[in-house]
Amino acid sequence: MSKLELINGSCVDQDVDAIVNAANRNLWSGGGVCGTIFRKAGYQELTDACRKIKTPLKDGDAVITPAFNITNAKYIIHAVGPNFESTPNAFDELYNAYYNSLVLLRENNLHSISFPLISSSIFGYGLDNPVEVSIKQCIKAYNNFIEENKDYDLNVLLCAYSEKEYVEAKKQFS
C-alpha cells in the first residue's frame, strides 16, 4: 500500500532507500539540503560520482548515485528543480523533478524516498508561495505515478524543514 506523508524535518535524516537532493544542473555541491547531503555522503566520494554523469542536466531531470557515508539511505537521487526567478512558469519542470525521481526509484527496485520541498527556497524566488507550488507538484506527481504503477508499493516522505514551511505545507494536505 503506497502512501505520501508530510513531515517536519530534513529529508537527509530519514531512514529510506533514497533521499532526494535538490540539485543544480551541474551536480555541484551547494548550500541548503545539497550542501548537507555532500557533507554527510562524503564530499570527495559524491563529487567523484557526480562528475561521471553527463552534465549539465535539464530542469526536471533526475539521476542516481550511491549514498556513500549516509547510513540511513542506500542512494541519493539528484533532482533538478527549476529556478523560478529565471523561469517563472516552470511548473511542468518542477513536476518532472518529483515524477522522474519516483521513476528512478522504481527502476532501481526501491520503495521508500524522502523529498525536500524542491524549488521552494532560493529557487522559489518570485513565486507568491513557493512551498504551496512545490507541494502541489509533488502531490500531482505522486498521484500520477501511483495511478500508472498500481502494483508498486511506495512510501514517500515529503519533508518540510522549518516549522514555517511545515505549517504552510499542512494546508495542502487538509
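Quick caveat: nothing in here was measured; it's all calculated off a predicted structure.

Participant: Looking at this structure, how should I read the packing of helix α3 (residues 91-107) against helix α4 (residues 130-148)?
Facilitator: Relative orientation and spacing of two packed helices are given, respectively, by the angle between their axes and the distance between those axes. Close contact between α3 and α4 brings their axes to 8 Å; oriented N to C, the two are set at 45°. One element, α3, and the other, α4, form an angle in the oblique class. In this structure, α3 crosses over α4, and the sense of that crossing is right-handed. Of the residues in α4, those in contact with F91, L94, Y95, Y98, Y99, L102, V103 and R106 of α3 are V133, S134, Q137, C138, K140, A141, Y142, N144, F145 and E148. Its residues assigned to classes, the contact of α3 with α4 comprises twelve nonpolar, three polar and three charged.

Participant: Can you walk me through α4 in this structure?
Facilitator: In an α-helix, one full turn covers 3.6 residues, which means residues spaced three or four apart are oriented alike. Look at α4: 27 Å from first C-alpha to last across 19 residues, which is about the 27 Å you get at 1.5 Å a residue. Those residues of α4 lying buried are P130, V131, V133, S134, I135, Q137, C138, A141, Y142 and F145.

Participant: Help me understand the sheet that holds strand β2 (residues 18-23), please; the structure alone is not making it clear to me.
Facilitator: Within a sheet, each strand pairs with its neighbour through backbone hydrogen bonds, oriented either parallel or antiparallel. With mixed pairing, six strands are arranged side by side in an open sheet as β1-β6-β5-β2-β4-β3. Unpaired on one side and paired on the other, β1 (3-8) and β3 (62-66) mark the two borders of the sheet. Taken over all neighbouring pairs, the strand axes of this sheet differ in orientation by 25° on average, direction set aside. Sheet topology note: the strand β5 (residues 112-116)/strand β6 (residues 155-160) ladder contains five bridges and is parallel. Bridge assignment links S112 to a residue of β6, and that residue is N155.

Participant: When you look at the pattern of salt bridges in this model, what are you seeing that I'm missing?
Facilitator: Counted by the stated rule, this structure contains eight salt bridges. R25 is the salt-bridge partner of D59, the closest N and O atoms lying 3.0 Å from each other. Linking D59 in the loop between α2 (43-51) and β3 with R25 in the loop between β2 and α1 (32-41), this pair joins segments that are 34 residues apart in sequence. Residue classification places D59 among the buried residues on the basis of a relative accessible area of 16%. A salt bridge links K136 to E132; its shortest N-O distance comes to 2.9 Å. With K136 and E132 both in helix α4 and four residues apart, this pair spans about one turn of that helix.

Participant: I keep staring at the packing of aromatic side chains and nothing clicks. Help me out?
Facilitator: Scanning the entire structure with this criterion turns up five aromatic pairs. Centroid distance F84 to F91: 5.4 Å. Interplanar angle 40°. Geometry classified as tilted. The class of F91 is partly exposed, set by a relative accessible area of 29%. When the ring of Y95 is compared with that of Y99, the centres are 5.7 Å apart and the planes differ by 15°; the resulting orientation is stacked. One end of the pair, Y95, and the other, Y99, are both in helix α3, four residues apart, so they sit about a helical turn from each other. Among the residues examined, Y95 registers a relative accessible area of 13% and is labelled buried. An aromatic cluster is defined as three or more aromatic residues linked by ring pairs; in this entry it consists of Y95, Y99 and F145. A cation over a ring is seen here: K140 above Y95, with NZ or CZ 5.2 Å from the ring centre.

Conventions and cut-offs
Residues numbered from 1 in each chain as written. Predicted model: local features only at pLDDT ≥ 70, side-chain atom pairs only at ≥ 80, totals over all residues. Heavy atoms only, no water. Axes fitted to C-alpha atoms, helices over the stretch in contact; angles between N-to-C directions. Helix = DSSP H or I, 4+ residues; strand = E, 2+ residues; numbered from the N terminus. Parallel < 35°, antiparallel > 145°, perpendicular 65-115°, else oblique. Left-handed = near helix turned anticlockwise from the far one by under 90°. Contact = heavy atoms within 4.5 Å. Nonpolar A, V, L, I, M, F, W, Y, C, P; charged D, E, K, R; others polar. Expected span 1.5 Å × (residues − 1). Buried < 20%, exposed > 50% of the residue type's maximum accessible area, 1.4 Å probe, protein only. Pairing = 2+ DSSP bridges. Salt bridge = Lys/Arg side-chain N within 4 Å of Asp/Glu carboxyl O. Phe/Tyr/Trp six-rings, centres within 6.5 Å; stacked < 30°, edge-to-face > 60°. Lys NZ or Arg CZ within 6 Å of the ring centre and 35° of its normal.

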